[in-house]
Structures are given as structure tokens and as C-alpha cells.
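Examination of the molecular architecture
As a plain string of letters, each chain reads:
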Amino acid sequence: GSSPLSPPMLTLFLLLLFPLSALSLDGVCTANCNSNMMRVVEVPTPGPPENMVIGSRPVPTPQGSQVLVKVFASALNRADTLQRQGKYPPPKGASDVLGLEAAGVVAGLGPDCKGAFKEGDRVCALLGGGGYAEYVLVEERHLMHQPKGFSHQQSAAIAEAWLTAYQLLFLVGELQSSDVVLVHAAGSSVGLALVQLACVSGATVLATAGQQDKLDKAKALGAKEGFLRSTAWDEAVLQHTDQRGVDLILDCVGGSYAVQNARVAAVDARHVLYGLMGGPQAPENYLRLLLSKRIRVLASTLRTRSDDYKAHLVAEFTKNSLPKFASGQFQVVVSDTFPLDKVVEAHKVMESNSNTGKIVLVVVPEE
């Protein structure tokens, strides 16, 4: 039989196999120092959470202006559960792997990158898909540096929720500091981002949610008042505004709230619709209410927007809002964390609507 390697020989053998130059301080592979395969979450057959499995795919190579990110954490979004069910396919050209955001470390750069990021930089990314994996490709212009002092898990909770909220308030809803704003589902990650962004801009924020603890969190972050969805919240909003109503409604519920939203809207209000959790159908008298108050209904999504639009959004948010995380003005609310191989349980929590804030998937545990 062969004799075991002595410690010096073992060290030499490992160095020949994995040269130190192939590793950065963050443990990122900058050469082929590991397997060229990565773990990903796959959905072989659309359906319930149990249909998700951990698969293996080749680590992608960045082309053009793409950046390869070694993912330390990703986060759940409602769109992930819809895609898993086969109801929300990824846009053309996007990865079929779930995950619209990720945080990690730059592991490679395409030949056309402009130098905004370098290998080893800690980043968070807005994605069209692919976040539930150990590596992901992202357009350079869709990356942001992580806020100073933030963990990967905190940073994973920023991109999709906060960029969505920023877009809805400022690019679509044309928020004014004098506005009274109504935020539905205020305990969600987007809802809590909307509350904070609107409050910092000087608006008065009212909130609805399904549970009191979610309203309490929204009020702790700046909402002036909160109303449970199981109550006559429309009557309460009108009473709170002396029957005037609200100037801007941020609505991911849709059909089941249609008439109540029209009732609480002020004359010339803006109603921004970004989800249909309450169904797509509205009662017939809804249009009459819209017309009588000249309400503008503005429907919006983010995932299917162009790369240029997303790049503009990321640049605006990076300039105007990203510094407010390190300064403490904005809080990231993480409700639950799950390791990647517990993604089934994570989706079940999201579909139970029990979380307040983000559900984060941990791909590489924090040291």
C-alpha cells in the first residue's frame, strides 16, 4: 500500500492543485480553482413549493458588459412564487432560475465592463432571474455597492423591493411632499420600503395590512396611521383625512380593493397598481367612480422593463437613496433567513403571508 503524504508534501500537493493566486481574500475563485459547476434551485415541473429541487449547472462566463457575482445571499419575491407555479415566465433572455436579486462578491468581469466594479467588491444586484444560485450574471449597470457595514444577508434584501418602491413612488406615482399616501400590504418588503421612502420625502403615509404587528412595524418606520384589512379601512381613511381622501395609492391587491380605493381617492388622485393579489376583476361601478374623481390609474411592473430603464432606475436610486442605509435613515427589515437547501420552507412562509419584511436565502453563511 502507498504511504500517507507527510504534512509538507500535503501542503505542496494542495498548493499545486489550488494556487494561492487563484483565491482572493473573500474566497472568490479567480481561476479554475474549484469545480466549474454550481448549485441552483430548479423547478422541473411547475407547481407547489415541494417541486423545487437543488440542481447543478455550469458556472456561467461573463460576456460583454456582464459581471459574474459569487452569490452569498438572495431573497424571495412574490414573483418567484408565481414563476414556480408557471404563472409568470421569465422575460426573454433572462435565466429560468428563480431569484430577482442577490448579494455577494464580484468574481469576474466581461470584456466591455466600464470599471465601476472590480473583483472582490461587495455588491447587490437587480436581476431578471438567476438569484437562487451560487453564481449569477448581471449587467454592470444593474449593480450597486453594498452599504458600508451591511452584511450580505441585509444587502440581499435591498435591490428588488427598494428599486420597485422607488420606481412606483417617483418615476410612476410622481410623489409630492404634500401628498397623503396610502400604502397597501405595508408589512411586505416593498410596503415597508414605500413607507420609508415616502416619509423621508415629507409625505404623510397611511397603511393597511392583514396583521397588527405589520401595521406596528410600518408605524415604527414612519406611517402616521394603520388600518387592518379586515376592518372598514376605507371609512377609517376618509375619517382620518376629514373626508378629503388620499393623493396617491400604492396597490398590490387590485380587484378586491378596487371600489374601496376609488372611494378613498381624492379628486385627481393617482392610483399605482403593481400587483393583483386580490384578483384581476373589478365591479362594474368602479369606472364610474374613477371618472367622477378624475382618478389616474397607473399600472407598473419592473422585471420586464428594458435594461436601459433599469440602469436609469439603479443610477437614480444609488444617487438619491442608497447612502441613507449606511447613515441609518433607511432600515432593511429581514423577517426570516433560510439556507438555500431549505427553499421549500422559505416559499411556504411567504405564501402564508406571515412574514414582516424580507425572507432571505443564505447561499454562503456569514463568518
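Residues numbered from 1 in each chain as written. Predicted model: local features only at pLDDT ≥ 70, side-chain atom pairs only at ≥ 80, totals over all residues. Heavy atoms only, no water.

**Points about the overall build of the protein chain**
- When helices and strands are counted, the protein chain shows twelve helices and 15 strands.
- Against the 2.2 N^0.38 benchmark of 21 Å for 367 residues, the protein chain shows a C-alpha radius of gyration of 23 Å, consistent with a compact globule.
- Counting only C-alpha atoms and orienting by the principal axes, one finds that the protein chain spans roughly 85 × 40 × 35 Å.
- Each of the 367 residues in the protein chain was classed as buried or not, and the buried ones make up 50%.
- The contacts of the protein chain with a sequence gap of at least 6 include a subset with a gap of at least 24, amounting to 67%.
- Total accessible area on the protein chain stands at roughly 16,800 Å², and carbon and sulfur atoms take up 54% of it.
- The distance from the centre of the 32 positive side-chain charges to the centre of the 34 negative ones in the protein chain is 3 Å. (Helix = DSSP H or I, 4+ residues; strand = E, 2+ residues; numbered from the N terminus. Rg over C-alpha atoms; globule rule 2.2 N^0.38 Å. Buried < 20%, exposed > 50% of the residue type's maximum accessible area, 1.4 Å probe, protein only. Contact = heavy atoms within 4.5 Å. Areas by Shrake-Rupley, 256 points an atom, 1.4 Å probe, with all protein chains shown as cover. Lys, Arg positive; Asp, Glu negative; His and termini not counted. Charge placed at Lys NZ, Arg CZ, Asp CG, Glu CD.)

**So, helix H6 (residues 212-220)**
- Of the positions making up H6, those classed as buried are Lys214, Leu215 and Ala218. One side of H6 carries all its buried residues, which in axial view fall inside an arc of 100°.
- Immediately beyond the C-terminal end of H6, within one or two residues, lies Gly222, with a positive phi of roughly 130°. (Arc of directions from axis to C-beta.)

**Quick notes on the sheet that holds strand S12 (residues 265-273)**
- Spatial strand order, S10-S9-S8-S11-S12-S13: six strands in an open sheet with parallel pairing. The outermost strands of the open sheet, each flanked by one partner alone, are strand S10 (225-228) and strand S13 (296-299). Sheet twist, expressed as the average angle between the axes of neighbouring strands with direction ignored, equals 20°.
- By the bridge criterion, four bridges tie S12 to S13 in an arrangement that is parallel. Note on S13: the bridge partner recorded for Val272 is Leu298.
- Of the strands in this sheet, strand S11 (246-251), S12 and S13 touch helix H4 (residues 159-172), which is tilted by about 145° from S11.
- Packing of helix H7 (residues 233-240) onto the sheet brings it into contact with strand S8 (180-183), strand S9 (204-209), S10 and S11, and relative to S10 it is tilted by some 160°. (Pairing = 2+ DSSP bridges. Axes fitted to C-alpha atoms, helices over the stretch in contact; angles between N-to-C directions.)

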